[in-house]
Amino acid sequence: MHLLKPTSKLKPSNLFSLLFSTQATSENPKSFILRQCIALLQKCASSNYKLRQIHAFSIRHGVPLTCPDICKHLIFFAVSLSPTMSYAENIFTQVQNPNIFTWNTMIRGYAEGENPRPAIDLYSRMQVSSIHPDTHTYPFLLKAIAKLLEVGVGEMIHCVVIRNGFESLVFVENALLHLYGSCGRAESAHKVFEVMSERNLVTWNSVINGFASNGRPNEALTLFREMGFEGVEPDGFTIVSLLSASAELGALALGRRVHVYMFKVGLMENLHAGNALLDLYAKCGRIREAELVFDEMRETSVVSWTSLIVGLALNGCGDEALELFKEMEMEGLVPTDITFVGVLYGCSHCGMVHEGFDYLNKMKEKYGIVPKIEHYGCIVDLLGRAGKVKEAYEFIQNMPLQPNAVVWRTLLGASSIHGHLGLAETARTQLLQLEPKHSGDYVLLSNLYASERRWSDVHKVRKTMLKEGVRKTPGYSLVELRNRVFEFVMGDRTHPQDEQIYKKLAEMTKLLRLEGYMPHTANVLADIQEEEKETALIYHSEKIAIAFMLINTVPRTPITVIKNLRVCADCHIAIKLVSKIYDREIVVRDRSRFHHFRDGSCSCRDYW
């Protein structure tokens, strides 16, 4: 076997001096060589090259290939030194009766590698060979299952863990928390967490990250507070999860408190925490603070540069995003495919059509990056936002990749905005085949029919939605006040300050009309009277959220609103004027970008 071939570079004077300097003994020569080879592995196996030298030497001096004692050490070092498992697998297949340590080492190697599937196969072979798993088997196995996102297999192993009496071991329970969090089952992770008799920092990090990474930021922040009450000190992993949750909610004040904590405990030099902090400020619309974090980072990575490039693009600073990309190139950093998604996104949201195509060509020709569907989707979005809907359709037709639902949905959205009914219906036909239950597609087509006053077609679409059981995603707006996040929906009357909010809304409407505001009723796409449409517009969730913040914050305090849907044209017009009337900077993050309203204008320059 070529992997085990002795090398001519082997020199007794260096690597094997330990073996030859040992005094003669009455011990069996083969046992002596075996013991000394194991000692050499433990002392000298610091690279794959040295590992193979020792392995080759052991074979040449009579240690059998099948010897479990030498093989368990060889496999351990092979797994520890190399991300690939081929060498370890070659050794493992020759071992006679490998012990549980060797099985666990192989499972660990696959669990930590790029292809974790063989870890599950090895576990099955263990069962067939009547090898009983021990306390170390399950954490490695569950890690492999988590990577594969096979929650059904994970639940089966969970049952086995309980049956074998390992469910009370903290490192096994931590592995279960990680599994359920990775598979989108944050509630299941929390159930495991609640019954744990022993919890450590890893436990808290796993359950907090499980909620944070599955769109449950409120629960993540609640657990963080509980963690503090129990006297558990957070680390860099906790901070990353916490900042991710804060960014999702737009909880800027909480994020700033975390920033102060990072200073106090010396976590500002933690690259991952620094990147998460940068991302927080960018996602909360504080792009200048994100730039300050970036400038103060002692160490930056491609992730740092990419995060800021995307943040600038989202916040309407496309020119600055492209300048930063050029600076990144000058620093000698190699952009990734994700970096180019950010660059193309910047071009899209700033209407830079020609530049977008130039960058698409550059990633292929200069960096050898094969464009993915996300990059082609950005180009479709770029053309669609610029009103070049027919060109966008032609681009889709000529794409080298099969367009997915996101690409067709982008075309449908652009067609709806620019009134291309024929292309909208073409896109909808494709979407019916790919994702027939997506509510947003029905809404976009219904809105386009309504704008054309084709009410019978609107009713047909709505009737189909009811028949298929498709429900429209309700819009909501989030605002943060005094370390709490408040949610409002259209026409919301549930807040304790309900009367004050609606009084402020009436005041806002009166002042808006004095500024020349006329409700943009084209956005109320229903067959109702004009006066009813105007009333409906007043009570959009973002306007209610802004009224709430105007009541509860001192004059000139900036207001940040997180909106789950695209901000409508009427709200966009109204918020521009509100920013001027009340002398407030208002930042609205909708589902696709940031709008910075100040002195009656918006950073998007009415292009979104």
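Scroll up to find the structure.
Let me sum up the structure you'll find in this document. Quick caveat: nothing in here was measured; it's all calculated off a predicted structure. (Residues numbered from 1 in each chain as written. Predicted model: local features only at pLDDT ≥ 70, side-chain atom pairs only at ≥ 80, totals over all residues. Heavy atoms only, no water.)

### Digging into the overall build of the protein chain
Move 1: When helices and strands are tallied, the protein chain shows 31 helices and six strands.
Move 2: In terms of its C-alpha atoms, the protein chain occupies a principal-axis envelope of roughly 105 × 55 × 50 Å.
Move 3: Residues counted as buried form 51% of the 608 residues belonging to the protein chain.
Move 4: Summarising the internal contacts of the protein chain: among those between residues at least 6 apart in sequence, 63% fall at separations of at least 24.
Move 5: One finds the centroid of the 67 positive side-chain charges in the protein chain at a distance of 3 Å from the centroid of its 66 negative side-chain charges. (Helix = DSSP H or I, 4+ residues; strand = E, 2+ residues; numbered from the N terminus. Buried < 20%, exposed > 50% of the residue type's maximum accessible area, 1.4 Å probe, protein only. Contact = heavy atoms within 4.5 Å. Lys, Arg positive; Asp, Glu negative; His and termini not counted. Charge placed at Lys NZ, Arg CZ, Asp CG, Glu CD.)

### Some points on the side chain of His259
Move 1: Considering the arrangement of structural elements, one finds His259 in helix 15 (residues 252–265).
Move 2: A distance of 2.8 Å separates the side chain of His259 from the side chain of Tyr281, its partner in a polar contact.
Move 3: Setting aside anything within four residues of it in sequence, one finds His259 in contact with Met268, Leu277, Tyr281 and Val293. (Polar contact = N/O pair within 3.5 Å; in protein donor to acceptor, adjacent residues only side chain to side chain.)

### Topic: the packing of aromatic side chains
Move 1: Applying the stated criterion to the full structure yields 16 aromatic pairs.
Move 2: Ring geometry for Phe340 against Tyr367: centres 5.8 Å apart, planes inclined by 55 degrees, an arrangement best described as tilted. Taken together, the positions of Phe340 in helix 20 (residues 337–349) and Tyr367 in the loop between helix 21 (353–365) and helix 22 (373–385) put the pair 27 residues apart, joining distant regions of the chain.
Move 3: Taking the relative accessible area as the measure of exposure, Phe340 reaches 0% and is therefore buried.
Move 4: Each ring, one from Tyr502 and one from Tyr539, has its centre 5.3 Å from the other, and the planes form 45 degrees; the classification is tilted. Residue Tyr502 is located in helix 28 (residues 498–514), and its partner Tyr539 is located in the loop between helix 29 (530–538) and helix 30 (541–552); the two are separated by 37 residues in the primary sequence.
Move 5: A network of ring pairs unites the aromatic residues Phe325, Phe340, Tyr359 and Tyr367 as a single cluster.
Move 6: Across from the ring centre of Tyr87, 4.2 Å away, lies the NZ or CZ of Arg52, which sits over that ring. (Phe/Tyr/Trp six-rings, centres within 6.5 Å; stacked < 30°, edge-to-face > 60°. Lys NZ or Arg CZ within 6 Å of the ring centre and 35° of its normal.)

### As for unusual backbone geometry
Move 1: Not every positive phi belongs to a glycine, and Asn97 is a case in point at roughly 50 degrees.
Move 2: Structurally, the position occupied by Asn97 is in the loop between helix 5 (86–92) and helix 6 (100–111).

### Points about the packing of helix 14 (residues 236–249) against helix 15
Move 1: The geometry of helix 14 relative to helix 15 is characterised by a closest axis approach of 9 Å and an angle of 160 degrees between their N-to-C directions. Classified by the angle between their axes, helix 14 and helix 15 sit roughly antiparallel to one another. As for how helix 14 packs across helix 15, the hand of that crossing is left-handed. Two secondary-structure elements touch here, helix 14 through Ile239, Leu242, Leu243 and Ser246 and helix 15 through Leu254, Gly255, Val258, Tyr261 and Met262. (Axes fitted to C-alpha atoms, helices over the stretch in contact; angles between N-to-C directions. Parallel < 35°, antiparallel > 145°, perpendicular 65-115°, else oblique. Left-handed = near helix turned anticlockwise from the far one by under 90°.)

### Details of the environment of Thr339
Move 1: The topology assignment puts Thr339 in helix 20.
Move 2: Separated by 243 residues in the primary sequence, Thr339 and Gln96 have C-alpha atoms spaced 50 Å apart.
Move 3: Among all residues touching Thr339, those that are not within four sequence positions of it are Val302, Thr306, Ile309, Phe325 and Met328.

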